[in-house]
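Each chain, written out:
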Amino acid sequence: MANRIPRVPVREQDPKVRATNFEEVCYGYNKEEAMLEASRCLNCRNPRCVTACPVGLQIPRFIAEVAAGNVAGAAAVIAEDSSLPAVCGRVCPQETQCEGSCVLGVKGEPVAIGKLERFVADYSRELTAAAGDGPDRVSDHPAIPLEGVQGVKGSDGTKRRVAVIGSGPAGLACASDLAKWGYDVTIFEALHKAGGVLEYGIPEFRLPKEKVLRHEVDAVRALGVKIETNVIIGRTITIDQLMDQEGFEAVFIGTGAGLPKFMNIPGENLCGVFSANEFLTRNNLMKAWREDYLTPIHPGKKVCVVGGGNVAMDAARTALRLGADVHIVYRRTEAELPARREEVHHAIEEGIIFDMLTNPVEVLGDEKGWVKALKCIRMELGEPDASGRRRPVPIPGSEFEIPTETVIMALGTSPNPLISKTTKGLDVNRWGCLVVDEAGATTRPGVFAGGDAVTGAATVILAMGAGRTAAKAIDAYLKQQ
């Protein structure tokens, strides 16, 4: 029976080798491996994996196509619901979503849904590259369905215009759906490259930028979506100007959560203290890890990363590849780490040291104002807090120091307040997140929002789901006007 076949393992770089380079860790499946893994799927009558996917990907359908060797068919199924399959196949937390709901996972290993999605996207991309043609037209891209696209016209006969602010996963997903439905969509991106957090926040060894991300952004462009970079909404132009002067009838805000949080402990203003956002942005977007770029970053030989989420793992593994000995400092135990199990496993394999039940109390500096150590206190777990996890409690008299040259704070992020402060009628909650209804409509008519700008820092796939939900609401709103 299909469920008796063991899960097909995925080939990876040797940990000692990959710890010295920025090449992708996971090699992914070849076609034979993918077909074998796909044959494990039970094709459930009521697939819980689909319900658990924030974008509603028709998982059993695409997996059945893979099992039959029809990769193009699988790509077409995925494209009905996802504009970023190669990205999602790499960075989504499948273990808590689709794979976490797989029936096979009850008594064994779930189907490797994420790895199969990645295979389909990569295989399709490589076929396109082998043909020698980029996705310059919609029909060039094998993963874009062309049927049923009808132009939505205004009273003057032209397509109705929608502005999307931010080119991260929420913005790309929203823009893709609207473009497929015939809208004239323009994405405005503050930075000089499109991709948002996919470009600046996720390291090259997890998400190759030129090989993978650029291709999927280009596929969105191939739908007719225009992307204008170096445009800061709220500074370069406001939402009011977009709607009143530039002719956009609706706006989607998908600006993410790029404002870093700190601990507010003594010494955080010393030289050598970074937010994870700054550290990763400098390394990813400014290519600080490449010797042929004139924008280096020097973390020193000893680095402490404070936090236990995926961003903390990314920052720690990046610092390791830049030549540092790295400690991750986390106030709970390994069992409570919020990062993906795969990322924690890779970090341990690569030699990163985890200081668990440890909390920083002060950053210590030398006479020149540079970091020299991180003063910490030992913790123990007490009663559960509001999150359901046991609350970490300091152990009196257990303070100690970790010598370090760099401290990276990976404690989460909140939305940048620039847009809310420059747009009348746009309400935010006490955390600075935009207030929306269940369809993504803000308190300002014609303005919608989704992703981390609404929820605070979350996952790529949740942001995509919010972008798709808002696209439907925008479509309904414009049809009512």
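Cut-offs and rules
- Sequence order sets the numbering: in each chain, residues are counted from 1 along the sequence as written.
- Totals for whole chains, interfaces and linings use every residue, but because this is a predicted model, local features are given only for residues with pLDDT of at least 70 and side-chain atom pairs only at 80 or more, for both listing and counting.
- Values reported for side chains reflect all heavy atoms of the structure, with hydrogen atoms and water molecules removed beforehand.
- A pair of strands is considered paired only if DSSP assigns at least 2 bridges between the two.
- Starting at the N terminus, helices and strands are each numbered in turn, a helix being any DSSP run of H or I of at least four residues and a strand any DSSP run of E of at least two.
- For every element, the axis is a line fit to its C-alpha atoms; helices are fit only across the contacting stretch, and the angle between N-to-C directions ranges from 0 to 180 degrees.
- For a helix, the expected span equals 1.5 Å multiplied by the number of residues minus one.
- For every residue, the accessible area (1.4 Å probe, protein chains only) is compared with the maximum for its type, and the residue is labelled buried under 20%, exposed over 50%, or partly exposed between those bounds.
- The aromatic pairing rule takes the rings of Phe, Tyr and Trp, using the six-membered ring of Trp, and pairs them if the centres are within 6.5 Å, calling planes under 30 degrees apart stacked, those over 60 edge-to-face and the rest tilted.
- What makes a nonpolar core is a set of buried Ala, Val, Leu, Ile, Met, Phe, Trp, Tyr and Cys residues whose side-chain atoms join them at distances within 4.5 Å.
- We call two residues in contact whenever any of their non-hydrogen atoms come within 4.5 Å of each other.
- Side-chain atoms alone can form a polar contact between residues adjacent in sequence; in general such a contact is a pair of N or O atoms within 3.5 Å, and within protein one must be able to donate a hydrogen while the other accepts it.
- We place a 1 Å grid over just the protein atoms. Points where a 1.4 Å probe fits but has no way out form a cavity, open points with protein on both sides within 12 Å along at least 5 of 7 lines form a pocket, and any residue with an atom within 4 Å of a point lines it.
- Grid points are joined across faces, edges and corners, and a volume is the space filled by probe spheres set on the points.
- Polar here means any residue outside two lists: the nonpolar Ala, Val, Leu, Ile, Met, Phe, Trp, Tyr, Cys and Pro, and the charged Asp, Glu, Lys and Arg; Gly therefore counts as polar.

Participant: I would appreciate a short explanation of the pairing of strand 12 (residues 390–394) in the present structure.
Facilitator: A regular strand carries its side chains on alternate faces of the sheet. Inspection of the sheet shows strand 11 (residues 371–384) paired to strand 12 by 4 bridges, in the antiparallel sense. Opposite Glu380, over in strand 12, you have Val393 as the bridge partner. Hairpin connection, strand 11 to strand 12: the antiparallel pair is bridged by 5 residues, and Gly388 has positive phi, about 90 degrees.

Participant: When you look at the sheet that holds strand 1 (residues 161–165) in this model, what are you seeing that I'm missing?
Facilitator: Consider a sheet: its strands pair through backbone hydrogen bonds, and that pairing is either parallel or antiparallel. Taken in spatial order, the 5 strands make up an open sheet running 3-2-1-4-16, and their pairing is parallel. Looking at which strands have only one partner, the edges of the open sheet turn out to be strand 3 (226–228) and strand 16 (447–449). Going across the sheet, the axis of each strand differs from the next one's by a mean of 20 degrees, ignoring polarity. Relative to strand 4 (residues 250–253), strand 1 is paired through 4 bridges, and the arrangement is parallel. Bridge pairing links Val162 to Ala250 in strand 4.

Participant: Would you mind showing me how to read helix 7 (residues 113–130) here?
Facilitator: Residue pairs spaced three or four apart in an α-helix point in one direction, given the helix's 3.6 residues per turn. Between its terminal C-alpha atoms helix 7 stretches 26 Å, which fits the 26 Å expected from 18 residues at 1.5 Å a residue. Among the 18 residues that make up helix 7, 13 are buried, leaving the element largely enclosed by the rest of the structure.

Participant: Sorry, what's going on with the packing of aromatic side chains here?
Facilitator: A ring pair, where both rings are aromatic, is described by two values, the distance of the centres and the angle of the planes. One pass over the full model with this rule turns up 6 aromatic pairs. Consider the rings of Phe22 and Phe205, whose centres lie 6.1 Å apart with planes at 45 degrees: the pair is tilted. On the criterion of sequence distance, the pair formed by Phe22 in the loop between helix 1 (15–18) and helix 2 (31–38) and Phe205 in the loop between helix 9 (197–200) and helix 10 (209–222) is long-range, its members being 183 residues apart. Residues Phe22 and Phe205 agree in their burial class; the two are buried. For the ring pair Phe119 and Tyr123, a centre distance of 5.4 Å and an interplane angle of 45 degrees mean the geometry is tilted. Remark: Tyr123 and Phe119 occur in helix 7; sequence separation between them is 4 residues, near one turn of the helix. Residue classification places Phe119 among the buried positions, given a relative accessible area of 5%. By the ring-pair criterion, three or more aromatic residues cluster together here, those being Phe22, Phe205 and Trp289.

Participant: Even after reading the chapter, I still don't get the nonpolar core, so can you show me in this structure?
Facilitator: In this structure, Ile59, Phe62, Val66, Leu116, Val120 and Ile474 are the most contacted members of the largest nonpolar core, which totals 69 residues. At 9 residues, the largest contribution of residues to this core is made by helix 17 (residues 460–480). Setting aside residues no more than four positions away along its own chain, Val120 makes contact with Phe62, Val66, Val71, Ala74, Ala75 and Ile78. If you look at the next biggest cluster of nonpolar residues, it comprises 27 residues, including Leu280, Ala315, Val326 and Ile352.

Participant: Would you explain the side chain of Arg125 in this entry?
Facilitator: Tracing the sequence through the fold places Arg125 in helix 7. Residue classification places Arg125 among the buried positions, given a relative accessible area of 8%. Within the structure, the side chain of Arg125 is placed 3.2 Å from the backbone oxygen of Lys211, a separation counted as a polar contact. In contact with Arg125, not counting residues within four places along its chain, are Ala86, Arg90, Lys211, Val212 and His215.

Participant: Would you mind going over the layout of surface pockets with me for this structure?
Facilitator: Rolled over the atoms, a probe as big as a water molecule pinpoints where empty space is left. Approximately 410 Å³ is the volume found for the second largest pocket. Lining the second largest pocket are 19 residues, with Arg7, Glu99, Glu109, Lys115 and Glu342 sitting closest to its centre. Listing elements by their share of the lining of the second largest pocket, those giving two or more residues are helix 7 and helix 14 (341–349). Here the lining of the second largest pocket is composed, by residue class, of 5 nonpolar, 5 polar and 9 charged.

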